Amino acid sequence: MSFTYTLWFAFFGLIIGHLPGAVTGAVLGFIFDNMRYSQRKNATPEAGGFVGPLFTLLGAVAKSDGRVSEQEIAIAERLMTRMNLDTELRKQAVVSFNVGKQPEFDVTRTIAELRKWVGLRRDHAFPVLDVVIETVLAEGNPPPEKMSILRQLAFALRISDMELMALMAMKGYAWNAGSGGPRGGNQHYGSGGGYVPPQRTPQGPDPYAVLGIDRNADERAIKRAYRKLISEHHPDRLGDLPEDMRKRAESRASEINAAYDRIKEQRGFK
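Keep in mind the model is a prediction, meaning the values are calculated, not measured.

## Some points on the confidence of the model for the protein
- Averaged over all residues, the pLDDT of the protein is 81; the fraction at 70 or higher stands at 76%.
- pLDDT under 50 marks residues 37-47. Its contacts with residues more than four places away, or in other chains, come to 19 contacts.
- Low pLDDT (under 50) marks residues 179-192, which in the prediction has 32 contacts with non-local residues, meaning those over four places away or in another chain.

This is the structure:
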């Protein structure tokens, strides 16, 4: 949240009315800053504004390990169909995907465009990440190049490592973000120095990982984490985004509910 109005109003208040004026000005400025922040937070992004940068990033993810696989192309094509893109937007998506898969493509600008589109809407950040994760996991345990782009995107969209780990858990993959480098692009390396990719969990999603909580969390912390997640992933918050993204939100909400129910059953609370 920016405090531009707070500072300016306090400054002018100080000039006009000394300390009492500064306090009054700061209060009025804070009200304006808070109103502006709320408007930005609740603003609904343009429905089709994400198509170009999203498919550009998918192309870059697919090519990041040196080759674009049939699975990755199939995922992009299915996504175009599920999003019900019209002829022009589908052409844009194809062109953008091909741009992204050019050798040595720099994803920085594309990620910045997605961040601008998402704005402060965390509920719009999660569907974007969900789509990218699908391409990252297209061939199973992903190489470090793909995870690097995913983490850059998550960092830009203000999604923490813990939240990204939860999204991976919903896909049936266990992943430890580790602490082996700067935030925003580092990977998790094992004790021997080698890259440790997300691993598929045969027993299904870990309910604690899905809720983003420690196994030793108490009942209050569990309930608080559940309420926060189910609010952020509720499909009714997505406005006029494509139906595919709404279905993804419904799927995440279902995973969150299932994880919460499993923990309640294990812990014996209601």
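## Considering the environment of R262
- Looking at where R262 falls in the secondary structure, it is placed in helix α11 (residues 243-267).
- Along the chain, R262 and Y208 lie 54 residues apart, while their C-alpha atoms are 9.4 Å from each other.
- For R262, the contacting residues outside a window of four places in its chain are P205 and P207.
- At 2.9 Å, the side chain of R262 and the backbone oxygen of P205 are in polar contact.

## Topic: helix α5 (residues 108-118)
- Along α5, the positions that sit buried rather than exposed are T110, I111, L114, W117 and V118. Along the long axis of α5, the arc covered by the buried residues comes to 120 degrees, so they all point the same way. In this structure, α5 carries R109 and K116 as exposed residues pointing more than 90 degrees from its buried face.
- Structurally, α5 contributes buried residues whose contacts are with α2 (51-63), α6 (122-136) and α7 (144-156).
- Immediately beyond the C-terminal end of α5, within one or two residues, lies G119, with a positive phi of roughly 65 degrees.

Here is what the cut-offs are and how they apply
- Residues numbered from 1 in each chain as written.
- Predicted model: local features only at pLDDT ≥ 70, side-chain atom pairs only at ≥ 80, totals over all residues.
- Heavy atoms only, no water.
- pLDDT = per-residue confidence, 0-100.
- Contact = heavy atoms within 4.5 Å.
- Helix = DSSP H or I, 4+ residues; strand = E, 2+ residues; numbered from the N terminus.
- Polar contact = N/O pair within 3.5 Å; in protein donor to acceptor, adjacent residues only side chain to side chain.
- Buried < 20%, exposed > 50% of the residue type's maximum accessible area, 1.4 Å probe, protein only.
- Arc of directions from axis to C-beta.

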